[in-house]
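Structural characterization, general
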Amino acid sequence: MDNQAEFYQKLPKVELHAHLNGSVSSETIQKLLSRKPHLNIKHSMTAIGKGQRRTLDECFEVFKVIHKLVDTEEDILMVATDVIREFAADGVKYLELRSTPREEKETRLTKANYVETVIKAIQQCKEEDLDIDVRFLIAIDRRNGTDVAMETVKLAEQYMLSSEGLVVGLDLSGDPTVGHGKDLLPALQRAKNCGLKLSLHLSEVPSQLEETDLLLHLPPDRIGHGTFLHPEVGGSQSLVDKVVKNNIPLELCLTSNVKGQTVASYADHHFKYWYQLGHPTVICTDDKGVFCTDLSHEYQVAASTFGLSHEDMWRISNQAIDCIFATEAVKQQLKQKWNDLHPQVLT
Ligand code: 6MZ
């Protein structure tokens, strides 16, 4: 590992935008493939390698392949524990994992089993004494419409109350070209009213202005991507003003956006726009498995693309703590951890 890579690996980090099934590493995929040879899935169908790009549509095809490989409680438990261990090894001290509860008739997996298995993985990792605090956001896949969204919110509500603080919020994700946010508004409103924090994928693709405007009224607690919010890329000043006025942090995933071709190059990434505004932005991976990256690499790419120093990157990782969905007490513990690590990381 070169010096830069070593610095970014040692830098304590917060990961707030990680989809469980998009985060499965190549090693774990290999284990799944050997569990299910009859599916005839090739390793190359599960990830987008270095220098490769896909349309966003093609990215969503990749998730479908991974979902075929991860369809039992046993698979989910392995995938979730592996992903947590990998984030911990990459220097992530606080992780919010998000995942869409799935029912699989063939393996008799229910949505409740799904959620409970992710929670079990988080608890098992706690017993391993890994230096990482993990929380869970339950995800709504926008393609599934109003009723499923409401059902998912009820599930999230139930586990928010019974998981001892592990389930902290709700994510809205899925193919941004499918469905409309207005159909999901009642479910999102209910989630907010019952105390679930909301992280919404907004303006990940162009021409979602109306939907974004509508959903910003909630308002969400964080925004995923927000690629096309600002006027320079076809968004609008009024959307930017709403985000700024409500101080809604943005979760930014550089490699994901470049590989999914919603952003032309790293240098064109909207990180620059929001960072220059002084608005809270959190660097995240999105799908570290599918996009073959990790959080250290994302920090390193942001620093080298935008000419940021180690001190700047320390500040970015430190300020991400303010954007987490866990309690004030957890924030204070993390701030303390960063203070303790400061002398040995920034020498
Ligand atoms: C929107 C995304 C996404 O939930 O099965 N997902 N949604 N935009 C993205 N940008 C690339 N990347 C992942 O993890 C996979 C699911 O996460 C969402 C999609 O709904 C995908 O099916 P889980 O753990």
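Here is what the cut-offs are and how they apply
Every chain's residues receive numbers from 1 upward, in the order its sequence appears when written. Residues qualify for local features only when their pLDDT is at least 70, as the model is predicted, and side-chain atom pairs are given and counted only at 80 or more; totals for whole chains, interfaces and linings, by contrast, use all residues. Computation of side-chain values covers all heavy atoms of the structure but excludes hydrogens and water. Helical segments are the DSSP runs of H or I of at least four residues, strand segments are the runs of E of at least two, and each set is numbered from the N terminus. Think of it in three bands: with a 1.4 Å probe and only protein chains considered, a residue is buried below 20% of the maximum accessible area for its type, exposed above 50%, and partly exposed in between. In the analysis that follows, any N or O atom pair within 3.5 Å is treated as a polar contact, provided that within protein one partner can donate a hydrogen and the other can accept it, and provided that, for residues neighboring in sequence, both atoms belong to side chains. The criterion used for residue contact is that any of the two residues' heavy atoms lie within 4.5 Å. A single heavy atom is enough: if one lies within 4 Å of a molecule or strand, its residue is considered near that molecule or strand. The accessible surface values rely on the Shrake-Rupley method and a 1.4 Å probe; as for residues, cover is taken only from the protein chains in view. Cavity and pocket criteria rest on a 1 Å grid covering protein atoms alone: a 1.4 Å probe that fits but cannot get out defines a cavity, protein on both sides within 12 Å along at least 5 of 7 lines defines an open pocket, and an atom within 4 Å of a point defines a lining residue. Occupancy of a cavity or pocket is assigned to a molecule whenever over half of its atoms lie within 2 Å of that pocket's grid points. UniProt positions are given in the numbering used here, feature names are shortened, and annotations may be inferred rather than shown by experiment. Each Phe, Tyr or Trp ring, with Trp reduced to its six-membered ring, pairs with another whose centre is within 6.5 Å; inter-plane angles below 30 degrees give stacked pairs, above 60 give edge-to-face pairs, and intermediate values give tilted ones. We call a charge positioned over a ring when the NZ of a Lys or the CZ of an Arg lies within 6 Å of the ring centre and within 35 degrees of the ring normal. Strands are treated as partners if at least two bridges between them are detected by DSSP. Lines are fitted to the C-alpha atoms to define the axes, a helix being fitted only along its stretch in contact, and any angle between axes, read from their N-to-C directions, falls within 0 to 180 degrees. What a helix is expected to span follows from its residue count: subtract one and scale by 1.5 Å.

A closer look at the side chain of Asp 82
Within the secondary structure, Asp 82 is located in helix H4 (residues 73–89). Judged by relative accessible area, Asp 82 falls into the buried class, the value being 8%. Within the local environment of Asp 82, its side chain forms a polar contact with the side chain of Lys 31, the two groups lying 2.8 Å apart. Among all residues touching Asp 82, those that are not within four sequence positions of it are Thr 28 and Lys 31.

Section: helix H13 (residues 310–320)
Turning to H13, its buried residues are Asp 312, Met 313, Trp 314, Ile 316, Ser 317, Asn 318 and Ala 320. Packing partners of the buried residues in H13 comprise helix H1 (3–10), strand E1 (13–19), helix H11 (271–277), strand E8 (281–283), helix H12 (295–306) and helix H14 (328–345).

Details of the environment of Lys 192
Following the sequence through the fold, Lys 192 ends up in helix H7 (residues 185–193). Exposure remark for Lys 192: the relative accessible area of 25% places this residue in the partly exposed category. For the pair Lys 192 and Leu 170, spaced 22 residues apart in sequence, the C-alpha separation works out to 8.9 Å. Setting aside residues up to four positions removed in sequence, Lys 192 forms contacts with Leu 198, Leu 218, Pro 219 and Asp 221. Separated by 2.9 Å, the side chain of Lys 192 and the backbone oxygen of Pro 219 make a polar contact.

Thoughts on the site of the ligand
Neighbouring the ligand are 19 residues; Asn 21, His 67, Ser 99, Thr 100 and Asp 287 lie closest to it. In the model, an oxygen atom of the ligand is placed 2.6 Å from a nitrogen or oxygen of the Ser 99 side chain. For the ligand, a nitrogen atom lies 2.9 Å from a polar atom in the side chain of Glu 204. Within the complex, 98% of the 510 Å² of free accessible area of the ligand lies under protein. Because more than half of its atoms lie within 2 Å of the grid, the ligand is assigned to the largest pocket.

Section: the UniProt feature "domain: Adenosine deaminase" (unreviewed entry) in the chain
Mapped onto the present numbering, the UniProt feature "domain: Adenosine deaminase" (unreviewed entry) falls at residues 12–337. Annotated as 45% helix and 14% strand, the span residues 12–337 places its first and last C-alpha atoms 9 Å apart.

Details of the packing of aromatic side chains
For the structure on display, the rule yields 5 aromatic pairs. Ring geometry for Phe 7 versus Tyr 8: centroids 4.9 Å apart, planes at 85°, classification edge-to-face. Neither Phe 7 nor Tyr 8 differs from the other in exposure class; each is buried. Aromatic rings pair up to connect Phe 271, Tyr 275 and Phe 306 into one cluster. One residue, Arg 222, lies across the ring of Phe 325, its end atom 3.7 Å from the ring centre. The ring of Phe 87 carries Lys 288 above its face, with NZ or CZ at 5.5 Å from the centroid.

Notes on the sheet that holds strand E3 (residues 133–141)
Read from one edge to the other, the open sheet built from 8 strands follows the order E1-E2-E3-E4-E5-E6-E7-E8, with strand pairing classed as parallel. Among the strands making up the open sheet, the edge pair consists of E1 and E8. The sheet shows a mean angle of 25° between the axes of neighbouring strands, direction not considered. Sheet analysis places strand E6 (residues 222–225) next to strand E7 (residues 250–252), joined by 2 bridges and oriented parallel. Within the sheet, the bridge partner assigned to Gly 224 lies in E7 and is Glu 251.

Quick look at H14
Residues three or four positions apart in an α-helix share a direction because the helix packs 3.6 residues into each turn. Under the 1.5 Å per step criterion, the end-to-end length of H14 is 25 Å for 18 residues, consistent within 8% with the ideal 26 Å. For H14, the set of buried residues is Val 330, Lys 331, Leu 334, Trp 338, Leu 341 and Val 345. The inward-facing, buried residues of H14 contact H1, E1, strand E2 (92–99), E3 and H13.

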